[in-house]
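What follows is each chain in one-letter form.
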Amino acid sequence: MRASILLWSTASGVIIGTFIDATLIGVALLLSGLVPGIVARLNHKWIVTSGVVLLLAVPVFLGVLGYLEGQLKAS
């Protein structure tokens, strides 16, 4: 039972992080449609790399947070 609590809490954290990523991508697409000049200015490699790292870090961070929540529930 403890393993299932940890698994479900971790999975829910990753799923919530994925929803947050989808929201961030949607906001970025909306802004690029409203302000087309911003896309040309954000075409640097380090900006793209940091954006990808941020998008990957959100589900990982929330997965770890969900795992820690699962440990509190299981104890």
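Residues numbered from 1 in each chain as written. Predicted model: local features only at pLDDT ≥ 70, side-chain atom pairs only at ≥ 80, totals over all residues. Heavy atoms only, no water.

Chemist: Hey, could you run me through the packing of helix α1 (residues 2-34) against helix α3 (residues 45-74) in this one?
Modeler: Geometrically, a packed helix pair is captured by the angle between its two axes and the distance between the axes. Contact geometry for α1 and α3: axes closest at 7 Å, N-to-C directions at 150 degrees. In terms of axis orientation, α1 runs roughly antiparallel to α3. α3 is crossed by α1, and the crossing has right-handed handedness. In terms of residue class, the contact of α1 with α3 is made up of 13 nonpolar, nine polar and three charged. (Axes fitted to C-alpha atoms, helices over the stretch in contact; angles between N-to-C directions. Helix = DSSP H or I, 4+ residues; strand = E, 2+ residues; numbered from the N terminus. Parallel < 35°, antiparallel > 145°, perpendicular 65-115°, else oblique. Left-handed = near helix turned anticlockwise from the far one by under 90°. Nonpolar A, V, L, I, M, F, W, Y, C, P; charged D, E, K, R; others polar.)

Chemist: So what exactly am I meant to see when it comes to a nonpolar patch on the surface here?
Modeler: Residues Val27, Leu30, Leu31, Leu34, Val35, Ile38, Val39 and Leu42 make up a contiguous nonpolar surface patch of about 690 Å² in total accessible area. Of all the secondary structure elements, the ones that give two or more residues to the nonpolar patch are α1 and α2 (37-41). The residue Val27 is located in helix α1 in this model. (Patch = residues over 30% accessible without salt bridge, like charges linked within 9 Å, V, L, I, M, F, W, Y side chains within 5 Å. Areas by Shrake-Rupley, 256 points an atom, 1.4 Å probe, with all protein chains shown as cover. Salt bridge = Lys/Arg side-chain N within 4 Å of Asp/Glu carboxyl O.)

Chemist: How should I be thinking about the side chain of Ser9 in this particular structure?
Modeler: In this structure, Ser9 sits in helix α1. Discounting residues that sit within four places of it in the chain, Ser9 has contacts with Gly66, Tyr67, Gly70 and Lys73. (Contact = heavy atoms within 4.5 Å.)

Chemist: Quick question: what am I supposed to make of the side chain of Asp21 here?
Modeler: By the secondary structure assignment, Asp21 is in helix α1. Of the side chains bearing the opposite charge, Lys73 lies closest to the buried Asp21, which forms no salt bridge; the N-O distance is 21 Å. With near-sequence residues (within four places) excluded, Asp21 lies in contact with Leu55, Val58 and Pro59. (Buried < 20%, exposed > 50% of the residue type's maximum accessible area, 1.4 Å probe, protein only. Lys, Arg positive; Asp, Glu negative; His and termini not counted.)

Chemist: Would you explain the pattern of salt bridges in this entry?
Modeler: Note on pairing: side chains with opposite charge can pair once their charged atoms come close. Scanning all chains against the criterion turns up one salt bridge. The partner of Glu69 in a salt bridge is Lys73, with the nearest N and O atoms 3.5 Å apart. Note that Glu69 and Lys73 are positioned in helix α3 at a spacing of four residues, about one turn of the helix.

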